[in-house]
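# What the coordinates show
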Amino acid sequence: MSTETDTKVQAEVRENFGKGFARRLRAAGKIPAVIYGHGTSPVHVALPGHQVALLVRRANAVLELDLDGKEQLTLVKDVQKDPVHQIIEHIDLLVVKKGEKIQVDVPVVVVGEPFAGTIANLDAQTVALEVEATHIPEHIEVDVEGLEDGTHITAADLKLPKGATLVADAELLVVAVSVPAATLAAEDEIAEADAEVAAEQSEEAEEAKEEESE
């Protein structure tokens, strides 16, 4: 039985094309896909829908296709979904080789809690890396524990997994720690209110002095 961690997928070469045939494939629980790259002619295939739908939840999923008894390693490059029902309509697969280095956009995940009263803003959802096709990290973690207002974390600051090389601009802003605008606005309102109270108290004190002098 296939599982979400089982990347070996039985692919069927398909000779028929068109929207009508693609609809029939999806109705049968299969996903139309095309394999391309490394100078080869595109190969149109049908993939098992449930298993592949689970696998492509992960960014940059690598599928080990069994194609007429031959193993073909592929990287999921694009997943086209119905905008309303979110059903997978088509998948583009790129041929890759074991040991080959490729460029991918890896998701960034924030962990930890910044200094009290601040928030960590994720400015870059992904960061471009060069990695081995069979060793693509699921995500890159950014630890913001205890970081204070004004702290900036750039791509150059990221801790990359072994064998990965940064492709993105080293100065790319990934995370910025700041005080929420609502908090600043509230603090400004409190400061204004305090200033008004102080001014009123000062005026009352002046008036009291004038009355005493009279």
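Residues numbered from 1 in each chain as written. Predicted model: local features only at pLDDT ≥ 70, side-chain atom pairs only at ≥ 80, totals over all residues. Heavy atoms only, no water.

## Re the overall build of the chain
What counts is decided by this rule: Helical segments are the DSSP runs of H or I of at least four residues, strand segments are the runs of E of at least two, and each set is numbered from the N terminus. Burial classes: relative accessible area under 20% of the type maximum marks a residue as buried, over 50% as exposed, and values in between as partly exposed (1.4 Å probe, protein chains only). Here, two residues are considered to be in contact whenever any of their heavy atoms come within 4.5 Å of each other. All accessible areas in this document rest on Shrake-Rupley with a 1.4 Å probe, and a residue is counted as covered only by the protein chains that are shown.
When helices and strands are tallied, the chain shows 3 helices and 13 strands. For the chain, with 214 residues in total, the buried portion stands at 32%. Once local pairs closer than 6 in sequence are excluded, the contacts in the chain between residues at least 24 apart make up 61%. Of the roughly 13400 Å² of accessible surface on the chain, 49% is carried by carbon and sulfur atoms.

## Some words on a negative patch on the surface
Formally: Here a patch means residues that are over 30% exposed by relative accessible area and free of salt bridges, tied together within 9 Å if like-charged and within 5 Å if nonpolar (Val, Leu, Ile, Met, Phe, Trp, Tyr). The rule for a salt bridge is simple: a side-chain nitrogen of Lys or Arg has to be within 4 Å of a carboxyl oxygen of Asp or Glu. Charged-residue counts in this description rest on Lys and Arg as positive and Asp and Glu as negative, His and the chain ends being excluded. Here the site of a charge means NZ on Lys, CZ on Arg, CG on Asp, or CD on Glu.
Taken together, the side chains of Glu113, Glu141, Asp143 and Glu145 make up a negatively charged region of the molecular surface. Take Glu145: it is sitting in the loop between β10 (140–143) and β11 (152–154). Using a relative accessible area of 52% as the deciding quantity, one classes Glu145 as exposed.

## Concerning the pairing of strand β9 (residues 126–132)
On a regular strand, one side chain projects to one face of the sheet and the next to the other, so that they alternate. Selection criterion: A pair of strands is labelled paired if DSSP reports no fewer than 2 bridges between them.
Bridge analysis of strand β7 (residues 101–111) against β9 gives 7 bridges, and the strand direction is antiparallel. Following the sheet pairing, Val106 is matched in β9 by Val127. The pairing of β9 with strand β12 (residues 165–166) spans 2 bridges and is antiparallel. Counted as the bridge partner of Leu129 is Leu166 from β12.

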